[in-house]
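# Topology and contacts: notes
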Amino acid sequence: MASLVVWCMAVGISYVSVYDHNGIFKRNNSRLMDEILKQQQELLGLDCSKYSMEFANHDKTGQVLNCQSALKVLSPEDGKADIVKAAQNFCQLVAQQQRTHSDLDVNMLDNLLSSTNGFPDPDLVLKFGPVDSTLGFLPWHIRLTEIISLPSHLNISYEDFFSALHHYAACEQRWGK
């Protein structure tokens with residue numbers, strides 16, 4: 001996983017999210033960051049100073065690097081907190097009489113959710129394993145997302161990663177046409 005994150009950094013991807021349904025990466029985020037730093041040194045060598053990573057999780061572990069790329073490690077409970085914050089913000093707007101309860105619709109909720117998490121909706125999801133699932137992504141967050149399936153995250157090669165990026169680059173979004 002660390003190699004994938006470093007490859008994303010090297011090709012200029014600004015936002016990288018790692019979602020793990022079991023929360024293993026989130027529980028071991030400092031170990032993941034150590035491995036990313038190690039992979040950065042190995043894969044990028046002296047060039048690694050050009051590529052910096054910000055660990056963008058809410059629970060800062062003291063490991064924040066400069067922010068050319070931002071990494072967020074996610075698990076199933078993360079979306080729940082964002083929905084709660086969005087609901088609280090909407091309730092405050094209603095209490096302040098800036099909104100009414102009838103103003104709540106998909107666009108309003110999307111705007112409220114976007115303001116709470118600071119990360120854009122994903123353009124590309126690399127899904128590992130045989131299970132076809134959106135894994136807790138909210139439907140309006142992935143409405144324009146290309147999902148590419150790969151057999152496993154174990155022993156993934158740069159060629160596999162590059163092939164997925166190439167496949168993504170060739171996608172034609174028709175936006176409902």
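Residues numbered from 1 in each chain as written. Predicted model: local features only at pLDDT ≥ 70, side-chain atom pairs only at ≥ 80, totals over all residues. Heavy atoms only, no water.

Among the UniProt annotations of the protein, the heading Pathway (unreviewed entry) holds the following wording: "Protein modification; protein glycosylation." Under the Cofactor (unreviewed entry) heading, UniProt states for the protein: "Mg(2+)". (UniProt positions renumbered as here; feature names shortened; annotations may be inferred.)

What follows is about the overall build of the protein. In terms of regular secondary structure, the protein is built from 6 helices and 5 strands. Order of helices (α) and strands (β) in the protein, N terminus to C terminus: α-β-α-α-β-β-α-α-β-β-α. Looking at the protein residue by residue over its 177 residues, the buried ones come to 32%. Look at the contacts in the protein between residues 6 or more apart in sequence, and 56% of them connect residues 24 or more apart. (Helix = DSSP H or I, 4+ residues; strand = E, 2+ residues; numbered from the N terminus. Buried < 20%, exposed > 50% of the residue type's maximum accessible area, 1.4 Å probe, protein only. Contact = heavy atoms within 4.5 Å.)

Turning to the UniProt feature "signal peptide" (unreviewed entry) in the protein, a few remarks are in order. According to UniProt, the feature "signal peptide" (unreviewed entry) maps to residues 1-18 in the numbering used here. Taken end to end, residues 1-18 is 50% helix and 22% strand, and its first and last C-alpha atoms sit 8 Å apart.

As a further point, take the packing of aromatic side chains. Overall, the coordinates contain 4 aromatic pairs when judged by the stated rule. Measuring from ring centre to ring centre gives 5.5 Å for Trp-7 and Tyr-158, while their planes differ by 80°; the resulting arrangement is edge-to-face. On the criterion of sequence distance, the pair formed by Trp-7 in helix H1 (residues 2-10) and Tyr-158 in helix H6 (residues 158-169) is long-range, its members being 151 residues apart. Put simply, the rings of Trp-7, Tyr-158, Phe-161 and Phe-162 pair up and form one aromatic cluster. (Phe/Tyr/Trp six-rings, centres within 6.5 Å; stacked < 30°, edge-to-face > 60°.)

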